[in-house]
Amino acid sequence: MDALNKLLNQKVIASIESDEKNYEIEGTVIGVDVNDFYFYEKGEPIFVTVSINPTDKIPDGIEDDELHEIPLGNIRKA
């Protein structure tokens, strides 16, 4: 978990799909969430997501809530 906390305050580029369009939004990681609720009980995968604060204006077609719970695989270093 310490390694995931190192993502906090890092600049990243998030790939977000909305209305069948792909957007790349640069932002700063403000939160990391590890959802392992079913990992121990049912052996299902652990889902790691991040929340970002955009550094620029959010493009039309993207809602604020889409900047939360972005899968870890959808971000890269800016």
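Worth saying up front: this structure is predicted, and the values here are computed from it rather than measured.

About the criteria used
Residues numbered from 1 in each chain as written. Predicted model: local features only at pLDDT ≥ 70, side-chain atom pairs only at ≥ 80, totals over all residues. Heavy atoms only, no water. Pairing = 2+ DSSP bridges. Helix = DSSP H or I, 4+ residues; strand = E, 2+ residues; numbered from the N terminus. Patch = residues over 30% accessible without salt bridge, like charges linked within 9 Å, V, L, I, M, F, W, Y side chains within 5 Å. Areas by Shrake-Rupley, 256 points an atom, 1.4 Å probe, with all protein chains shown as cover. Salt bridge = Lys/Arg side-chain N within 4 Å of Asp/Glu carboxyl O. Lys, Arg positive; Asp, Glu negative; His and termini not counted. Charge placed at Lys NZ, Arg CZ, Asp CG, Glu CD. Buried < 20%, exposed > 50% of the residue type's maximum accessible area, 1.4 Å probe, protein only. Core = buried A, V, L, I, M, F, W, Y, C linked by side-chain atoms within 4.5 Å. Contact = heavy atoms within 4.5 Å. pLDDT = per-residue confidence, 0-100.

A. Geometry of the pairing of strand β1 (residues 11–18). The pairing of β1 with strand β2 (residues 21–35) spans 8 bridges and is antiparallel. Across the sheet, the residue bridging to K11 is T28, located in β2. Counting the residues that bridge the hairpin from β1 to β2 gives 2 residues, and of these D19 lies at a positive phi of roughly 50°. Pairing geometry for β1 and strand β5 (residues 75–77), over 3 bridges, is antiparallel. From the neighbouring strand, I13 faces β5, where its bridge partner is R76.

B. Structural context of the sheet that holds β5. The strand order across the open sheet formed by 5 strands is β4-β3-β2-β1-β5, and the pairing between neighbours is antiparallel. Since the sheet does not close on itself, it has two edges, and those belong to β4 (70–71) and β5, each with one partner.

C. Examining unusual backbone geometry more closely. The phi angle at N9 is positive, at roughly 70°, despite the residue not being glycine. You will see that D19, though not glycine, has its phi angle at about 50°, which is positive. On the secondary structure map, D19 appears in the loop between β1 and β2.

D. Highlighting a negative patch on the surface. Negative charge collects at one region of the surface, where E17, D19, E20, E63, D64 and D65 lie side by side. A relative accessible area of 64% places D19 in the exposed class.

E. Local environment of the nonpolar core. Counting residues in each nonpolar core, the largest one holds 16 residues, and the members touching the most others are I16, I25, V29, V32, V50, I52 and I70. Listing elements by their share of this core, those giving two or more residues are β1, β2 and β3 (47–54). When residues of this core are assigned to their parent elements, the largest contribution, 4 residues, is made by β2. Apart from residues lying up to four places away in sequence, V29 is in contact with L7, L8, N9, Q10, V12, V50, S51 and I52.

F. Representation of the confidence of the model for the protein within the structure. Summing up the model confidence of the protein, the mean pLDDT is 90 and the portion of residues at 70 or higher is 99%. In the model of the protein, helix α2 (residues 37–42) stands out as the element of lowest mean pLDDT, 77, in contrast to β5, which has the highest, 96.

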